[in-house]
There are 2 protein chains.
Amino acid sequence: MKRFTAILLSLFVAGAAMAAEHPNLLLTKEGVRQMKAAKGSIPLFDKSVEKLISEADDAVQKPICLPVPKDGGGGYSHEMHKLNYYDMYNCGIAFQLTGNKKYADKVKAILAAYVDFYPSLDFHPLGLSGNPGRIFWQTLNESVFLVHTAVAYDCVYDSMSKKERKTVEEKFFRPYADFIMHGLPHNRANTQMFNNLNNWATWATAGVGMIGMVMGDDSLVQKALKGSDLSGKGGFLRQMEVLFSEDGYFTEGAYYLRYAIWPFVTFAQCLDHYDKSLNIFSRRDGILLKAVDALLQMAYEGEFMHFNDALEKGYSAQELISAVDIAYHANPSDKSLLSVAEKYQKKVLVSDAGFDVARALSKGEAEPLNLHSGYYRDGENSDMGAFVIMRPYKKTLNSAVTFKATSHGLAHGHFDRLTYAYYDNGHEVITDYGAARFLNIEAKYNGHYTHENESWAKSTVAHNTLVVDGKTYCKGKWRKAQETWPKPYYHSFKEGLQMASATEDQVYPGVSYSRYLVYADVPFLEYPLIMDLLKVKSSEEHQYDLPLHYNGHMISLSVPYKKATETMHTLGKDNGYQHLWVEAEANGADGVTSYTWLTGHRMYSVSTNTSPRSEIKICRLGASDPDFNLRSEPMYLIREKASDHLFASCVETHGKYDLQVEQSANLVRSCKSIESLLDDGSALVVRYNFIGEHSATLCVWTASADENAVHSLSLPSGETIGWKGVADVLYK
Amino acid sequence: MKRFTAILLSLFVAGAAMAAEHPNLLLTKEGVRQMKAAKGSIPLFDKSVEKLISEADDAVQKPICLPVPKDGGGGYSHEMHKLNYYDMYNCGIAFQLTGNKKYADKVKAILAAYVDFYPSLDFHPLGLSGNPGRIFWQTLNESVFLVHTAVAYDCVYDSMSKKERKTVEEKFFRPYADFIMHGLPHNRANTQMFNNLNNWATWATAGVGMIGMVMGDDSLVQKALKGSDLSGKGGFLRQMEVLFSEDGYFTEGAYYLRYAIWPFVTFAQCLDHYDKSLNIFSRRDGILLKAVDALLQMAYEGEFMHFNDALEKGYSAQELISAVDIAYHANPSDKSLLSVAEKYQKKVLVSDAGFDVARALSKGEAEPLNLHSGYYRDGENSDMGAFVIMRPYKKTLNSAVTFKATSHGLAHGHFDRLTYAYYDNGHEVITDYGAARFLNIEAKYNGHYTHENESWAKSTVAHNTLVVDGKTYCKGKWRKAQETWPKPYYHSFKEGLQMASATEDQVYPGVSYSRYLVYADVPFLEYPLIMDLLKVKSSEEHQYDLPLHYNGHMISLSVPYKKATETMHTLGKDNGYQHLWVEAEANGADGVTSYTWLTGHRMYSVSTNTSPRSEIKICRLGASDPDFNLRSEPMYLIREKASDHLFASCVETHGKYDLQVEQSANLVRSCKSIESLLDDGSALVVRYNFIGEHSATLCVWTASADENAVHSLSLPSGETIGWKGVADVLYK
């Protein structure tokens, strides 16, 4: 009966929202009433409110400062205007929760200052962005400002006189929204930006839609939903269709999904309050909630995986607080979201959604987040490749193997098709550089992506995948790369034998390559083994480089090598190679070459089939980097010159290196040799031999991915081998 | 009344011990009775017992394996024999606590195996140590084996027949003790090792003394206490006199104190049970407890500071569990020890001492560890220099500045006089390389110190101190360096203005240098400032290099620089310089040159007075390192050519760089210029000018350290300046 009343009540509230009740964006009148009633009884909410009010108190004390726009990210003018919107946001909400007029007055005073300040601004003078803002160096930040300020305005709306509102709307918010939708009269470049289908446009539509709701201007809301021409070719609803696959994968990858999800959930939350009939959280089979789930899965130890233009961000980022709280508010049956809030965020939004999360946590409703293997298709129609995560079933292991066979990922994508990465025991072990950027640090190219983001971070050689003839594919042009994507072949997440695979034949003319990545529990090894077959085919000879970027300290190479001692040179002149110092060179052994490094308390050994003609390079990043923008990181590379070639590798995780008790064990790799037993175009059979007369024979049927097919083959050696399905591993 | 009975009882037990009751080393009969009675009621003890018994159970299951000695640290034979003593130790104690015969049988069986195995052994074949063992590559490990095995034998003594004991003692323990005291008949080199005064000898005497106690052979105990000739020139009691200063500083530094404290407290605990009248924990004003306290202080975030031959070790190391438990047992009034056990160790010894700690913890008696500034004199007579730690008074800050003006530190010392280090916000910010060693990793020079430990880690340029003419002082000979030590000048730990200083004039012929390191709360700066005056004097011109080793990413240098882009060379040919790649070069500015880097979420800027003749080098470690033994770490260096020179620097901690909320502030250094106002042999007056027209004028009276002297000086500029005491900072 109680629940029924609550539903009725909330329907009533939603209805009232259409009639422009305030607040009604992230907070509602009813929500505020409940928060006030519960004061002192919900620890995490009380703590979050306390922090917000203390920040609002700081804001109230401070003089208002609107510096002339001048700096990039991290610079004084940039950070001051950022502080201004945070101050308004905090004060607006503080006013709702306390009723203390001083907070509302501060919001009004800051708004009044912008009323005086804003009209005089031309485009930002820095000139580093193709879409400059007026207050900020790029329009993106201009949109973020509006999202926060709309919330603040919503909170103080009722406390302002009609005249005050008229002034601030006509002198500030309407021109501001127009700027974001179109630009300035002499340059309407923002029209395209606003109607674009990427995260900038999401912020832009969220800002415009939210201020439209507060001002009671439904036409702005409709433009935000359907594009500035209302055609539906752009706008928030179209973004929801286009930017995610059916699996919730965001085409720019985890790092930008983290950023994009913020305006997505924020605006969706406001829309849900504004017009329940939109059913915004149910649209496209609940795509926004799927996106939040996919995002949480694409993380290791709470940090987002580093592919594409990624920096260090994780569950504790403020965007994720919004994502988790609002997703839980929309779907309170997912109790695992609560554990993310509890374990990583320790904070909730001061909003209806955050209140829900904190209340559920105070009732002990949190359930652990279940990180599992996953196959995330890319593309509007879910047909543009996939991002694959393989995780162990044993919960005592803390590992993840990722395989990237997605589409390019727009302007933030890297030229990294069929790359993989490996996380284990709390560390990123086989790594992706992510982005070359010092966000907000003015001294580093104004906080923007540095030149090395193009010249290194995006290059093919910066990834754990094939580089043909020392070139980044598609000549490093993302629009070209965006036209095609790899073809996933087969994946399986069976316990004990997981697999991901794909083929790429469109980026290097005349070269086709397929990768079969297997993650297997091997009965005679300490930890699961990664088996990696990379088969390249061409009618002509090429140079095939297979780099492996890792995190840790080099322990040993199984062949003699020559280390640069007094002078060091670069590996090449361009395509990323100019950034690599060659620390050591060697030739492969006849059979197998192994490289071992130490990361944390474990050893990792990659073993690869080689011949004495194979060239080995051990490199370190940092050359051709005049401004110290690159991190100093190690790389191991195998170079083959051939037309057809099979790179057959395995990565062992082994050993225990515990300095605290000075005990170590199993520090030496087990793989002794690798034999390619069959490579006939229809199947690959590779035998990995280990100490103790053990072996693991990986059999992959490469001709067609039929899970039920039974294969029985005579190997050139005379041995007969049989398996069922696409792939199997036979142990001895 | 109860307490009185307990004392009586313990006196009785102690008396009985002389009559060879068992167990009586780390456990006593009465202790075991209490542990059994408390079973299930003291969580941390129960957990520790459970772990020990589970390990003992594993040991019972395993076949006994005594491989032929062959490998160095980390190698198979080394680790197997280590496991054997841990297995015996665990099984011995498990037998005491459970009475289950299977554990005693396992100990007896392993001992029996050694009875058969041991007599046939010559010196270990590896030949890497000047004092090889028989089972292990160095006698040190041989002694550690005996310490553990003595405990095991003590635990099972009563369960063995007289005949069994006779066999194991005559065939194994007595020859073993003789080997440690003297060596083998054809090489008696161990006699010197046993009577030496260093941590090897501490382990050796502990092992021999403990097995003597168990066997009831007091003559071995006396040799352990007074040296093998009973003269008292060597032995444990003499070690207690010589190896620590009155402040508990161990001459080899924190890392080796961590190791040495283990046999010290272990043997002391056994001696305390064996002969209370020795008053072992009260000797020399409680020197062993002082040493434990000094050790805990020489740590940052629970990790020991990295000077001398240090690796990563901290409070959680097994040695510290012994140190903390046994120190608490000896002095239960120090409740802060309990918090170390609780917060960092989460484990106690399964012994009388560990039981005490766990019981006190279960009663909630823990008090926080108070880390404070400290002055730790070095040397047997506390007159060989000092190690200084300056910590902020504000408990919201988490920082430490260390200054090293100790004696050399024997064979594990580095050539680092007057070096400093800085820890802040959870990071080592201005660093010491510590040791070049991969402990227990056989692939890395058998786990031994690598060659680069001599050629790099110990070199003067590897430290944050003056290098004259590109040479490591004393030609890198430790015995020469051991003959002298710096002269501490003055130190003060006053709130707001702390200081450490010393002079060195014996290691570089004809060159004298003094360093005045001030750690001050500056009213107009965000965090305390390090002010660093390094004054060098000589009658002839020299090259003076001042390196700064840091941890983090280079953000900016205030002068233009030229970065190596395609080829990189080493900074020099020897004395450690051969290991440095020159990444960039610059000339100083006329006035001040500043260098900023990012560590964690804060910026750090070092500003130094320079002229256009000053040379700046930005380097990276890793050259002339044929086996990849060195870590890749950055260094900033200022080079001056002069006879007299004053390096006047300051290190600012500033800014907030929070990627999670994408906020940053105060990322640019504040120091604008540095003026040397007076440098006349009696005083140094240096003015640091900051943005906002602020300045901090550091005045140091260098002629004599009189805390009460009042100084009033006319500066060459005409300004008059006055202060009281050795040093002061005047703020504007």
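Computed from a predicted model, the values in this text were never measured in an experiment. (Residues numbered from 1 in each chain as written. Chains lettered and ligands numbered in written order. Predicted model: local features only at pLDDT ≥ 70, side-chain atom pairs only at ≥ 80, totals over all residues.)

1. A few points about the relation of the copies chain B and chain A
Each copy of the sequence occupies a distinct position, and chain B is placed on chain A by a rotation of 180° and an axial shift of 0.1 Å, giving an RMSD of 0.1 Å. What we have between these two chains is a two-fold relation. Looking at the rotation axis and the C-alpha trace of chain B, the residue lying nearest is B:Met568, at 2.5 Å. In this assembly, 100% of the residues forming the interface of chain B have copies in chain A that are likewise at the interface, indicating an isologous arrangement. (Least-squares fit on C-alpha atoms with pLDDT ≥ 70 in both. Contact = placed C-beta atoms within 7 Å.)

2. Focus: unusual backbone geometry
All names here are of chain A. Residue Pro-23 is reached from His-22 by a cis peptide bond, and omega for that bond is -5°. Structurally, Pro-23 can be placed in the loop between helix H1 (2-18) and helix H2 (29-37). Positive phi, close to 55°, is recorded for Ser-382, a residue that is not glycine. Inspection of the secondary structure assignment puts Ser-382 in the loop between strand S3 (374-377) and strand S4 (385-390). Exposure remark for Ser-382: the 15 C-beta atoms within 10 Å place this residue in the partly exposed category. (Helix = DSSP H or I, 4+ residues; strand = E, 2+ residues; numbered from the N terminus. Buried ≥ 20, exposed ≤ 12 C-beta atoms within 10 Å, placed from the backbone.)

3. Topic: the pairing of strand S10 (residues 497-504) of chain A
Residue and element names in this part refer to chain A. Counting buried residues in S10 gives seven out of eight residues, a clear majority hidden from the surface. Where strand S9 (residues 487-494) lies against S10, seven bridges are found, and the strand directions are antiparallel. Residue Phe-493 lies in a different strand from S10, and its bridge partner there is Gln-498. The hairpin turn running from S9 into S10, its antiparallel successor, is two residues long, and Gly-496 in that turn takes a positive phi close to 90°. The hairpin formed by S10 and strand S11 (residues 511-520) contains six residues between the paired strands, and Gly-510 there has a positive phi angle of roughly 80°. (Pairing = 2+ DSSP bridges.)

4. Quick notes on the sheet that holds strand S21 (residues 634-642) of chain A
The strands that make up a sheet pair up through hydrogen bonds in the backbone, lying either parallel or antiparallel. The strand order across the open sheet built from six strands is S8-S13-S21-S20-S17-S15 (chain A), with neighbouring strands paired in antiparallel fashion. The sheet is open, and its two edges are formed by strand S8 (467-468) and strand S15 (561-563) of chain A, each paired on a single side.

5. Focus: the environment of B:Gly510
Residue and element names in this part refer to chain B. Considering the arrangement of structural elements, one finds Gly-510 in the loop between strand S10 (497-504) and strand S11 (511-520). Between the C-alpha atoms of Gly-510 and Ser-228, which are 282 residues apart in sequence, the distance is 44 Å. With residues up to four places along the chain from it excluded, the contact list for Gly-510 reads Ser-538, Ser-539 and Glu-540.

6. A short note on the interface of chain B and chain A
On the side of chain A, 43 residues touch chain B, which itself brings 42 residues to the contact. When contributions to the side of chain B that touches chain A are tallied by element, the ones reaching two or more residues are strand S14 (553-557), strand S16 (567-569) and strand S24 (663-665) of chain B. Looking at the side of chain B that touches chain A element by element, the count peaks at four residues for S14(B). When its residues are assigned to classes, the side of chain B that touches chain A shows 17 nonpolar, 14 polar and 11 charged. Bridging between strand S16 (residues 567-569) of chain A and S16(B) involves three bridges; their strand directions are antiparallel. Following the sheet pairing, A:Thr567 is matched in S16(B) by B:His569. (Nonpolar A, V, L, I, M, F, W, Y, C, P; charged D, E, K, R; others polar.)

7. A few points about the sheet that holds S3(A)
All names here are of chain A. Pairing in this open sheet of five strands is antiparallel, and the strands run S3-S4-S5-S6-S7 from one edge to the other. Each edge of the open sheet carries a strand with a single partner, namely S3 and strand S7 (427-430). Each neighbouring strand pair of the sheet contributes to a mean axis angle of 20°, computed without reference to strand direction. Pairing analysis gives six bridges linking strand S5 (residues 399-406) to strand S6 (residues 419-424), with the strands arranged antiparallel. Residue Thr-402 lies in a different strand from S6, and its bridge partner there is Ala-421. (Axes fitted to C-alpha atoms, helices over the stretch in contact; angles between N-to-C directions.)

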